[in-house]
Amino acid sequence: METTTAKVVGPQDGKAGFLGSIGVRFMIDGDEAGGGFSLVEHPMGPRALAAPLHRHTREDEYSYVLEGRMGALLGDEVLEAGPGDLVFKPRNQWHTFWNAGDEPCRILEIIAPAGFERFFAELVDLGGVAQADPQVMGELCARYELEMDPESVPGLIERFDVKFPGEPIQ
C-alpha cells in the first residue's frame, strides 16, 4: 500500500485508550504508512509498569522519551532513558518498560513493521490487560505472535518499585 496523503497529528489528535497499566494514543497506523511502521504515544503514570515481560517475533520497537524517565529491561540489561533518548527494543528479545519516576512519563513508540498497533486497539476494547479474560488474552497474543510471561509481574514490581496495573493519566 502506498501512502499519498500528508498528515499533521496535533497533541490532542488520535484515538486514545487505556491498556490496563499505561495509556495509548494512536497517531499513525500501518495503513497510513504503507505497512512500514506505526506510531503510538504511551502516557504512563508514576511508577507504572507497562506490561509483563514479553517478546515480539514480528516487529521491532523504538521508544523515544518525550517527558519523564523510562526504565527498561532488555534481556538482562537494565537501562533508564530521559527526554530526547531513543531506546531500541529488537524483536525476539524479552523485555518490558516502565515509568521510572514519580512524575508522568510519555514516550513515542515506533513499531516496525506495522500491525502491532491493532493488538493495542483490541486490548483497549477488552478493558486492558488486567481486565481481559486470560484465555482471550492468550488468543490475542497468539494472533500477534507475542509471547507474554504474566508470572514475571510480581518480581518486576519488587525489583523496580513499580505498580501493575496502573491508573489512567490525562
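The structure contained in this document is the topic of the report that follows.

Reading guide: rules and limits
Residues numbered from 1 in each chain as written. Predicted model: local features only at pLDDT ≥ 70, side-chain atom pairs only at ≥ 80, totals over all residues. Heavy atoms only, no water. Salt bridge = Lys/Arg side-chain N within 4 Å of Asp/Glu carboxyl O. Helix = DSSP H or I, 4+ residues; strand = E, 2+ residues; numbered from the N terminus. Buried < 20%, exposed > 50% of the residue type's maximum accessible area, 1.4 Å probe, protein only. Arc of directions from axis to C-beta. Contact = heavy atoms within 4.5 Å. Patch = residues over 30% accessible without salt bridge, like charges linked within 9 Å, V, L, I, M, F, W, Y side chains within 5 Å. Areas by Shrake-Rupley, 256 points an atom, 1.4 Å probe, with all protein chains shown as cover. Phe/Tyr/Trp six-rings, centres within 6.5 Å; stacked < 30°, edge-to-face > 60°. Lys NZ or Arg CZ within 6 Å of the ring centre and 35° of its normal. Pairing = 2+ DSSP bridges. Axes fitted to C-alpha atoms, helices over the stretch in contact; angles between N-to-C directions. Core = buried A, V, L, I, M, F, W, Y, C linked by side-chain atoms within 4.5 Å.

## Section: the pattern of salt bridges
Tallying each qualifying case throughout the model produces 13 salt bridges. The closest approach of N and O atoms between Arg25 and Glu41, which form a salt bridge, is 2.7 Å. One end of the pair, Arg25, is in strand E2 (residues 23-28); the other, Glu41, is in strand E3 (residues 38-44), and 16 residues separate them in sequence. Looking at Arg25, the relative accessible area reads 10%, which means it is buried. By relative accessible area, which is 5% here, Glu41 ends up buried.

## Looking at helix H1 (residues 117-125)
Residues of H1 that are buried: Glu117, Phe119, Phe120, Leu123 and Val124. Taken end-on, H1 shows its buried residues confined to a sector of 150°, consistent with a single buried face. Check the buried side of H1 and you find it contacts strand E1 (16-18), E2, E3, strand E10 (105-112), helix H2 (134-143) and strand E11 (146-149). One or two residues past the end of H1 sits Gly127, with phi positive at roughly 90°.

## Things to note about a nonpolar patch on the surface
Taken together, the side chains of Tyr64, Leu66 and Leu86 present a nonpolar region at the surface, about 260 Å² in accessible area. With respect to the helices, strands and loops of the structure, Leu86 is situated in strand E8 (residues 86-89). Using a relative accessible area of 52% as the deciding quantity, one classes Leu86 as exposed.

## A short note on the packing of aromatic side chains
Scanning the entire structure with this criterion turns up 7 aromatic pairs. Their ring planes at 80° and their centres at 5.1 Å tell us that Phe116 and Phe120 sit as a pair that is edge-to-face. Accessibility assignment for this pair places Phe116 and Phe120 in one class, buried. Of note, Lys89 hangs over the ring of Phe97, and the distance from its end group to the ring centre comes to 3.8 Å.

## Quick look at the sheet that holds E3
Strand order across the open sheet formed by 6 strands is E1-E2-E3-E10-E5-E8, with antiparallel pairing between neighbours. Whereas interior strands pair on both sides, the edge strands pair on one side only; in this sheet they are E1 and E8. Adjacent strand axes in the sheet meet at a mean angle of 25°, parallel and antiparallel pairs treated alike. Note: E1 against E2, 3 bridges, orientation antiparallel. Within E2, the residue paired with Gly17 across the bridge is Val24. The strands touched by H1 within the sheet are E1, E2, E3 and E10, with E2 carrying the most contacts at an inclination of about 135°.

## Looking at the environment of Ala100
Inspection of the secondary structure assignment puts Ala100 in the loop between strand E9 (95-99) and E10. Each C-alpha atom of the pair Ala100 and Pro165 lies 15 Å from the other, and the pair is 65 residues apart in sequence.

## Some remarks on the nonpolar core
Formed by 40 residues in total, the largest nonpolar core has its most connected members in Met70, Phe97, Phe119, Phe120 and Met137. Secondary structure elements with two or more residues in this core: E2, E3, strand E6 (70-74), E9, E10, H1, H2 and helix H3 (153-160). If sequence neighbours within four positions are ignored, Phe97 has contacts with Ile22, His42, Met44, Leu49, Ala50, Ala51, Met70, Gly71, Ala72, Lys89, Ile107 and Glu109.

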